[in-house]
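# Tertiary structure, described
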Amino acid sequence: MTLYTAKLFPSGLSQEEAQYRFRKNGPNALPPSRSSGLWHVLGDLNREPIFLLLFAASAIYFFLGEASDALLLLSFVLVALGIVISRQRQTEHVLDALRELSSPRALVMRDGKLKRIPSQEVVIGDVFSLQEGDRVAADGRLVYAHGIELDESLLTGESLSVSKAIHDVVYSGSLVVRGDAMAEVIAIGADTAVGKIGHSLNTVESPDSPLQLEIMMMIRRFAAVGLLVSLLVWVLIGVIRHDWIGGLLAGITLAMSILPEEFSVVLMVFMTLGAWRIAKHHVLTRHTSVIEALGAATVLCVDKTGTLTQNSMAVTAIIAGHNRIKFESGVVPHLSPSKIKVIELALMASEIKAIDPMEQAFHRLAHCVMPEFEELLCNSTLLKEYDMSATQLAVIHIWRMPQAANTIVATKGAPESIMHLCKMRPDRITRTMKEVHYLAGQGLRVLAVAIGKWPLDNQAWPEEVMRFEFEWGGLIGLADPLRIGVDAAIAECQAAGVRVVMITGDYPETARAIAKQAGLNTDFVMTGVELDAVSEKDLPLMLKNTQIFARMMPHHKLRLVQTLQDQGEIVAMTGDGVNDAPALKVAHIGISMGQRGSDVAREASSLVLLNDDFSSIVKTMRTGRLIVDNLRKALRYIIGVHLPIAGLALLPLFTGSALILTPSLVMFLEMVINPTSSLVFENEDAEKDLMLKPPRSSTEPFFGSKNILYALIQGLGLLLACMMVFFILQQTDYAQEEIRATVFITIVLSNLLMMLVSRSDHEDLLTLVVKPNKYQNWVIGVTIFALMLVLQIPWLSDLFNFSRPSLAAVLLAFSACLFALLWLEIVKTIFSRNDMFKLSHPVG
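Below you will find a few notes about this structure. (Residues numbered from 1 in each chain as written. Predicted model: local features only at pLDDT ≥ 70, side-chain atom pairs only at ≥ 80, totals over all residues. Heavy atoms only, no water.)

### As for the environment of Thr-407
- In this structure, Thr-407 sits in strand β15 (residues 406–413).
- Measuring from C-alpha to C-alpha, the distance between Thr-407 and Gln-459 comes to 9.6 Å, with 52 residues separating the pair along the chain.
- Aside from chain neighbours lying at most four places away, what touches Thr-407 is Leu-383, Ile-398, Trp-399, Gly-452, Lys-453, Trp-454, Leu-456 and Trp-461.
- Reaching out from Thr-407, the side chain makes a polar contact with the backbone oxygen of Trp-454 at a distance of 2.7 Å. (Helix = DSSP H or I, 4+ residues; strand = E, 2+ residues; numbered from the N terminus. Contact = heavy atoms within 4.5 Å. Polar contact = N/O pair within 3.5 Å; in protein donor to acceptor, adjacent residues only side chain to side chain.)

### Here we look at a nonpolar patch on the surface
- Together, Leu-716, Leu-720, Met-724, Ile-728 and Phe-819 make up an exposed nonpolar region whose accessible area comes to about 360 Å².
- Among the elements that take part in the nonpolar patch, helix α26 (residues 705–731) stands out by supplying four residues, more than any other.
- In this structure, Phe-819 sits in helix α31 (residues 807–833).
- Phe-819 sits in the partly exposed class, given a relative accessible area of 31%. (Patch = residues over 30% accessible without salt bridge, like charges linked within 9 Å, V, L, I, M, F, W, Y side chains within 5 Å. Areas by Shrake-Rupley, 256 points an atom, 1.4 Å probe, with all protein chains shown as cover. Salt bridge = Lys/Arg side-chain N within 4 Å of Asp/Glu carboxyl O. Buried < 20%, exposed > 50% of the residue type's maximum accessible area, 1.4 Å probe, protein only.)

### A closer look at unusual backbone geometry
- One non-glycine residue, Asp-111, lies in the positive phi region at around 55°.
- Relative to the helices and strands, Asp-111 is located in the loop between β2 (105–110) and β3 (113–118).
- For His-282, which is not a glycine, the phi torsion comes out positive at approximately 65°.
- One can find His-282 in the loop between α9 (262–279) and β9 (283–285).

### Quick look at the packing of helix α17 (residues 486–495) against helix α24 (residues 614–655)
- Look at α17 against α24: their axes get within 9 Å of each other, and the N-to-C directions meet at 30°. As judged from the angle between their axes, α17 and α24 are roughly parallel. α17 and α24 meet at a crossing whose hand is left-handed. On the side of α17, the interface is formed by Val-486, Ala-489, Ile-490, Glu-492 and Cys-493, while α24 contributes Phe-614, Ser-615, Val-618 and Arg-622.
- Here the residues of the contact of α17 with α24 are counted per class, giving six nonpolar, one polar and two charged. (Axes fitted to C-alpha atoms, helices over the stretch in contact; angles between N-to-C directions. Parallel < 35°, antiparallel > 145°, perpendicular 65-115°, else oblique. Left-handed = near helix turned anticlockwise from the far one by under 90°. Nonpolar A, V, L, I, M, F, W, Y, C, P; charged D, E, K, R; others polar.)

### Quick word on the pairing of β15
- For β15, a buried count of seven out of eight residues is recorded, marking the element as mostly surrounded by other parts of the structure.
- As defined by bridge partners, strand β14 (residues 394–400) adjoins β15 across six bridges and the pair is classed as antiparallel. What sits directly across from Trp-399, in β15, is Ile-408.
- In textbook terms, the turn of a hairpin is the stretch between consecutive antiparallel strands, and for β14 and β15 this stretch comprises five residues, one of which, Gln-403, has a positive phi near 60°.
- Where β15 meets strand β16 (residues 445–455), eight bridges bridge the pair, whose relative direction is antiparallel. Residue pairing in the sheet places Val-409 in a bridge with Gly-452 of β16. (Pairing = 2+ DSSP bridges.)

By themselves these figures say nothing about function.
Below is the structure:
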């Protein structure tokens, strides 16, 4: 069999040489896909109903000989085209930045030290590490291999894993399913095997999310209503007034006023920019559709180590025989021979190049108190390794030491597993468990070690590890302090109606001690063995009363997540290992660890926690709630402002007057609505009670009947204000052009007032005027400036069929706006305080 020596691996490239090769050969990436060009954007626009209506109206104006009106509408098309291209470029820049954050990572040797870098920065000649769950970053030749097997199905289509040995080639995109190795890069980017055959990893289209489906359904319903009413208006005006061309224009204007084309645009902007905002909290959004689930999460299942704790382990206690020593982290203790033996066994049962923080702690202590043993280990040979399993929570390494008569079998693992391997008597088990409880009760992670022997000339390694004769070595306690701010973050979750559940593989008493520090309920702790004994019928009741689950394996996590989902919970779950991938995939919100997580876990998750910090998860949930809450406000605003536009478009049918709002004026209003809903509401700060509301039920629609009713009543107030101006001026024999201009002033200013009022469900107008929003003043200023230009410049007034309104007419418009403002404030007060209409709905 192959022997694996503990010699040092190649030191890799220097950082200077790596930078030179990067500049020479370029990034380790396939050629990027081309971004959407102008013709692609124009093709998309031709499929948008609003632009088809604009082209139809322009054609009618040309037919009627009104070239100026036709050209004005076409100019709006150019403006809209500029806005679409600008927004698309902004979106592409955001998505490119997120892709760069989400690119696979590689652990390379630079200047003799392991360094994690984006896979795009890997260069030819780099030596990189491969661990179970890693995605191979580039084609490479193995310089060290330890039982490594890879899934090469991406390249070959073959699902069976392939074993590799030293000097074999590993291919970019392959997945490490077992073992570990080191490889030297021989090809990158387009020169890799995957690059040469042109494989694409991004060809699978993601299905529409529930929110996308709900909004698309709303758009279809509004479009259907708009089409039917518009056809009816056309026919009625044609039949009653014998003006089929005018009726067609009125119908087109009405269709433009009813169609909420902003919905899909606003959703895209909110989700894309929302993912960027979440990235500022060190959380990467791999699928933007998960943002809508963040606000609705009801249960957050988290690991203890590295998420609630700092994952900076240090040995602080050793128990050997009846002797116990405890010391502070960072202090170099004076150890007796029996305690040094415990550290030696822990080191021998660890990886040579330690990546796990626990094993790194053993190496650090050994380097301080017994550096000569580390040198001895470098000259020894690792003959065999038994990995930890669900039934055996221990790792076993078999070593051949220089000048030793027998091999040394070193094991470390859970105390109960090591006691079982040592065939310990019941009375000694009782005494030892008291020591385990003592260490675990202080929040320490407790491991046990043992030593065995095997004849050097017999390398027929037993399949059953119980055939080894082990002798108890002792216990080790490792401190992993709670992260700063975790207790406050958990309290914030609980106030928001989100239940935090700790799921850990650690010892129950250790989990209980850390949970108590974090502020979790420690009355009940369930172990994996106990979970296996609970029936599917009884498990839901057990879950309601339990927040701590210890000694859990990955299949236990999957069962817990599925049971919670069966109870109607929206589940967020963290995970880092290969075996966590199924539970991450099943959870509504799978959160993988960015620093210590495997590539498989990252690929199965929808969020990647770049700093592995629990507080970042809570910040992300808060941001998710903010995004969804602001999106709901934007949609209410869109529906509300469309109602007066549609009402004014219908007015000529009942009054016999000329069109109050022409297609050009509707497009002017659209230029206000679009940036307002996309920019002002997307940048709005959180409501004070955002994290004090319970999550939205999974059966409750995102945009329910109360929101639609609220928006329609708000819009009704604006319509009444505009109709009041119209009828008063109509009765006093004002010219049609002046009436149109005055009504337009009313609807534009009341539109801006509604924007201000809609920014909050609770705060009054005076508070909102001074409340910071970097786009609010910009939108107000540009809109009023454009309105003044249209009213004051004669040729622009002629284009919009305006005449300059008198002072009395302007004062009337202002009075109507005050009425609209009073209406909006009264409606908001009723809906925010009356339980029947209360908008303080669950978030998400």
